[in-house]
Amino acid sequence: MNYNLFDFLTLLGSLGLFLYGMKIMSEGIQKVAGEKLRGILSAMTSTRFMGVLTGFLVTSIVQSSSATTVMVVSFVNAGLLSLTQSIGVIMGANIGTTITAWLISLLGFKVKMAIISIPIIGIGFPMLFSKKDKWNSFGEFLIGFGLLFIGLDFLKSSVPDLQNSPELFASLQSLTQHGFLSTLIFVGIGTLLTIILQSSSAAMALTLVMCNNGWIPFEAGAAIVLGENIGTTVTANLAALIGNIHAKRAALAHTLFNLIGVAWMLVLFQVVLSLVNNYLLNAGSNSPYSDPASIPVALAIFHSTFNIANTFFLVWFVKWIEKTVIKLLPTKNAEDEKFHLEYIPSGLMNTPELNLIEAQKEMKQFVDITHRMFNFIPELMIEKDTKKFDDLLARIEKYENITDQMEIELASFLVKVASNEVSTETSMAIRGLLRASSNLEKIGDICYHMSLSINKKREEKEGFTPVQTKHLEHLFDLINSAFLAMKVNVNRDEGNIDLMDAISLEDQINKLRDKIRDEHFASIEKGEYSIKPGLYYNHIYSSSEKIADHILNVSEAISGKNIE
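Note that the structure is predicted; figures quoted are calculated from it, not measured. (Residues numbered from 1 in each chain as written. Predicted model: local features only at pLDDT ≥ 70, side-chain atom pairs only at ≥ 80, totals over all residues. Heavy atoms only, no water.)

**Quick word on the overall build of the protein**
Across its full length, the protein carries 23 helices and zero strands. Out of the 564 residues in the protein, the part that is buried amounts to 53%. Taking the intrachain contacts of the protein between residues at least 6 apart in sequence as the baseline, contacts between residues at least 24 apart amount to 80%. Accessible surface computed for the protein: about 25,300 Å², of which carbon and sulfur atoms make up 62%. (Helix = DSSP H or I, 4+ residues; strand = E, 2+ residues; numbered from the N terminus. Buried < 20%, exposed > 50% of the residue type's maximum accessible area, 1.4 Å probe, protein only. Contact = heavy atoms within 4.5 Å. Areas by Shrake-Rupley, 256 points an atom, 1.4 Å probe, with all protein chains shown as cover.)

As structure tokens, this is what we get:
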């Protein structure tokens, strides 16, 4: 067999074209179904069975179980999903990934898709120039669909012809002569193949090509498919490395689920293969044991049977899986139990809509942090104990650094999301989040400078009059109400945001600020108190009004409106 470097690069390029087609097709359909994805994700908060259905639907749409499980790990890390809910979604994702095997085995081997792939791309290409996002995205889907099958066709023709190379063919066939050990060897090959390619879809395509060409028998192909189910868990575990303890547990639950499934399937391996063989014979097809052309469909049946049966069996043991992973990954300290994104550590997912949901979750946390930071200011003003005062001052400085970092990390994440092709609606939402993030960071800056003024006032032993203190307390109460109104808006969908309360509160704060300012200047003119404490008083009430402005700006930003 004369198989040179050029042939190898052709094989590699064919695989690359297949993967690129899968990526483009996946991203296109995700954009088309973006809003529907949000509706599907809301089902995750329901029962474990709804979680299974959710995992199946999302994976069927995005055509990647790895993308779904990475998303699940990310959502558990963010506190959007509990561990129990995540296990159900992961189970459903395993069923959803079988769609790829059917797509390849039925169309890639039974139909000459490469012949019509170019016309399909021809239909999709003009859609790229449409001004409507839906048509544009559907064009991407059609182009990706065409490229996927062109890549598969190249892949089938570029693999080495082992039949005409007796030595290599014999060495590969020798791996099938060791009984159960051979099965374990091919499970290992499937696991390694998926880890290297980072795609169970690509690994499945290669497996189907090898079996269709007669390289390996039906049993070996089925064992490789089992190994691919183990290998696909690696992506989620890598995503969880930088997540919190809950994310790591979700990834481990995925691994445990697949390992248990592979273990019991190995026990019943020959029985299940015989059932698949008998089904095909009864359906009028040739036996996959004797006809390599029958193996792709047989493997698709085996893959679906395995994942459906494994889910049906283990869905009743979700609580046991949860307890097991908690026992294997116990909480080391209280910090582990906090749900936080740590400035969105899980990286970008393929779906802009899902990235947006994760960013919105981080935004809610950002709002909570700035509100908590603001409430340190009234505490600081009345604190008499020096140690407690210094601790509060240090906490405010720490929070100011956190708000700075959160804005940087969130902005960086959103810019990466926007650098991909996104819909007009998603683009507007990204701009709104960027603007809201900037305003929240400014609130942090203002609070920090207010704390410095209060500290300086304390060092100089200056105090406020009872009237000044009462005015500031009233002002702080209104700002707290404004924060609460902002939180309500941040937790609503863009179309349901009502700015009336936010505008009303900001108007009340402005009027109170004007009243305080007028009384303040009048008191100075009358000589009721000295200039120095008056300057600190002026800085605090003026800064408080600026915070109210930024609070309203946040509500405006996420609503997509500008109020003059």
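Picking up after the structure, the text goes on.
**Observations concerning the pattern of salt bridges**
Throughout the structure, instances matching the rule amount to eight salt bridges. With its nearest N and O atoms 3.8 Å apart, the salt bridge here joins K319 to E322. Note that K319 and E322 are positioned in helix α17 (residues 318-328) at a spacing of three residues, about one turn of the helix. The shortest N-O distance in the salt bridge between K511 and D507 comes to 3.4 Å. (Salt bridge = Lys/Arg side-chain N within 4 Å of Asp/Glu carboxyl O.)

**So, the packing of aromatic side chains**
As enumerated under the stated definition, the model contains 11 aromatic pairs in all. Note on F125 and F129: the rings are 5.2 Å apart at their centroids and 85° apart in plane angle, and the pair reads as edge-to-face. With a centroid separation of 5.3 Å and 85° between ring planes, the pair formed by F376 and Y399 is classed as edge-to-face. Taken together, the positions of F376 in helix α18 (residues 352-382) and Y399 in helix α19 (residues 386-419) put the pair 23 residues apart, joining distant regions of the chain. One exposure class covers both F376 and Y399, and it is buried. In this structure an aromatic cluster arises from ring pairing among F374, F476 and F483. (Phe/Tyr/Trp six-rings, centres within 6.5 Å; stacked < 30°, edge-to-face > 60°.)

**Points about the environment of D7**
With respect to the element layout, D7 can be found in helix α1 (residues 5-32). For D7 and S158, which are 151 residues apart along the polypeptide, the C-alpha to C-alpha distance reads 6.9 Å.

**A word on the side chain of S543**
Within the secondary structure layout, S543 lies in helix α23 (residues 531-559). Not counting the four nearest positions on each side in its chain, S543 is found in contact with I446 and M450.

**Structural notes on the side chain of E228**
Topologically, E228 is positioned in helix α12 (residues 218-231). With residues near it in sequence (within four places) discarded, E228 still touches G190, T191, T194, S200, A203, M204 and T207.

**Topic: the packing of α19 against helix α20 (residues 424-459)**
Orientation of α19 relative to α20, taken along the N-to-C sense of each, is 165°, at an axis distance of 9 Å. In this view, α19 runs roughly antiparallel relative to α20, as classed from their interaxial angle. In this structure, α19 meets α20 at a crossing whose hand is left-handed. When the residues that make up the contact of α19 with α20 are grouped by side-chain class, the tally is 14 nonpolar, seven polar and seven charged. (Axes fitted to C-alpha atoms, helices over the stretch in contact; angles between N-to-C directions. Parallel < 35°, antiparallel > 145°, perpendicular 65-115°, else oblique. Left-handed = near helix turned anticlockwise from the far one by under 90°. Nonpolar A, V, L, I, M, F, W, Y, C, P; charged D, E, K, R; others polar.)

**With respect to the confidence of the model for the protein**
Per-residue confidence for the protein gives a mean pLDDT of 79; residues scoring 70 or more make up 79%. A low-confidence stretch, residues 333-343 (pLDDT under 50), is modelled with 30 contacts involving residues beyond four sequence positions or located in other chains. (pLDDT = per-residue confidence, 0-100.)

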